[in-house]
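# Descriptive analysis of the structure
Residues per chain, in single letters:
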Amino acid sequence: DAGVIQSPRHEVTEMGQEVTLRCKPISGHDYLFWYRQTMMRGLELLIYFNNNVPIDDSGMPEDRFSAKMPNASFSTLKIQPSEPRDSAVYFCASSLFRGNEQFFGPGTRLTVL
Amino acid sequence: RKEVEQDPGPFNVPEGATVAFNCTYSNSASQSFFWYRQDCRKEPKLLMSVYSSGNEDGRFTAQLNRASQYISLLIRDSKLSDSATYLCVVLRSGAGSYQLTFGKGTKLSVIP
């Protein structure tokens, strides 16, 4: 298996633009997680899905953030409009069961100017 | 008090040294515990789960003290390749709830 795939790996955009991050989980994994990592706050869970259904989005910082999982092999995290404070590394992870080992993708390094 | 706290380091140790990291957690209802490793500019990867009775994997030993609410990781005979940031992770889950909290990590540099 190729592992969790994320795209793009790097994204540089200007404030106010829409940003879409993409994730393909490991085949057969029922759980998908979106995280954000910054130096100040560390790794924070934003939202997670079970069988394509969003279960807990309490970590999503604002209404500017939205996430979807239209099928078992694809998820998106969208920021609209983006702001400089959204600059961070965004990780997607998947796991077989909820309490199991999570496998992380390589991350998307987002810079909002 | 933060939910999961770690000494950020850095810990600079010579090759062959033994080094220990501690992590404290605030919620006594926490159920599962893990150590993840994150190399510079890479994604976190599971190093080991932490079991109540303590567990060992080669040069790595993890221990849990529920009474004092802390977790430890011991690395013996440090290698250069052990240089990384070690993240303490605490899980609390129940019907309809899931709280997975990562510590900010402890940075280890093993020096030749």
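Residues numbered from 1 in each chain as written. Chains lettered and ligands numbered in written order. Predicted model: local features only at pLDDT ≥ 70, side-chain atom pairs only at ≥ 80, totals over all residues. Heavy atoms only, no water.

### With respect to the sheet that holds strand β7 (residues 60-65) of chain B
Residues and elements named next belong to chain B. This is how the line gets drawn: A pair of strands counts as paired when DSSP detects no fewer than two bridges linking them. Helix and strand definitions here come from DSSP, where helices need a minimum of 4 consecutive H or I residues and strands a minimum of 2 consecutive E residues; each element is numbered from the N-terminal end. Axis definition: a line fitted to C-alpha atoms, over the contacting stretch in the case of helices. Angles run 0 to 180 degrees between N-to-C directions.
On the basis of which strands lie adjacent, the open sheet formed by five strands has the order β1-β3-β8-β7-β6 and antiparallel pairing. Every interior strand has two partners, whereas the edge strands, β1 (4-6) and β6 (55-57), have only one. The average undirected angle you get between the axes of adjacent strands in this sheet is 20°. When β1 meets strand β3 (residues 19-25), the two strands line up antiparallel, connected through three bridges. Bridge pairing in β3 links V4 to Y25.

### Considerations on the nonpolar core
This is how the line gets drawn: Working definition of a nonpolar core: buried Ala, Val, Leu, Ile, Met, Phe, Trp, Tyr and Cys residues. They are joined through side-chain atoms within 4.5 Å. Working definition: with a 1.4 Å probe on protein chains only, accessible area under 20% of the residue-type maximum means buried, over 50% means exposed, and in between means partly exposed. We call two residues in contact whenever any of their non-hydrogen atoms come within 4.5 Å of each other.
Membership of the largest hydrophobic core comes to 23 residues, with the highest contact counts inside it found for F21(B), W35(B), I71(B), L73(B), I75(B), Y86(B) and L108(B). Look past the residues within four positions of L73(B) in its chain and what remains in contact with it is V19(B), A20(B), F21(B), W35(B), L47(B), M48(B), F60(B), T61(B) and Y86(B). If you look at the next biggest cluster of nonpolar residues, it comprises 21 residues, including V19(A), I47(A), M69(A) and C92(A).

### What to know about the packing of aromatic side chains
To be explicit about the condition: The pairing test for Phe, Tyr and Trp rings, Trp by its six-membered ring, is centres within 6.5 Å, and the orientation test on the planes gives stacked under 30 degrees, edge-to-face over 60, and tilted for anything in between.
With the rule as written, the count across this model stands at 13 aromatic pairs over all chains. Between Y35(A) and F102(B), the ring centres sit 5.4 Å apart and the planes meet at 80°, which makes this aromatic pair edge-to-face. Taken together, the residues Y35(A) in strand β4 (residues 31-38) and F102(B) in strand β10 (residues 97-102) connect one chain to another. Comparing Y35(A) with F102(B), the two get one shared label, buried. Taken together, the ring pairs connect Y31(A), F33(A), Y35(A), Y48(A), F91(A), F104(A), Y36(B) and F102(B) into an aromatic cluster.

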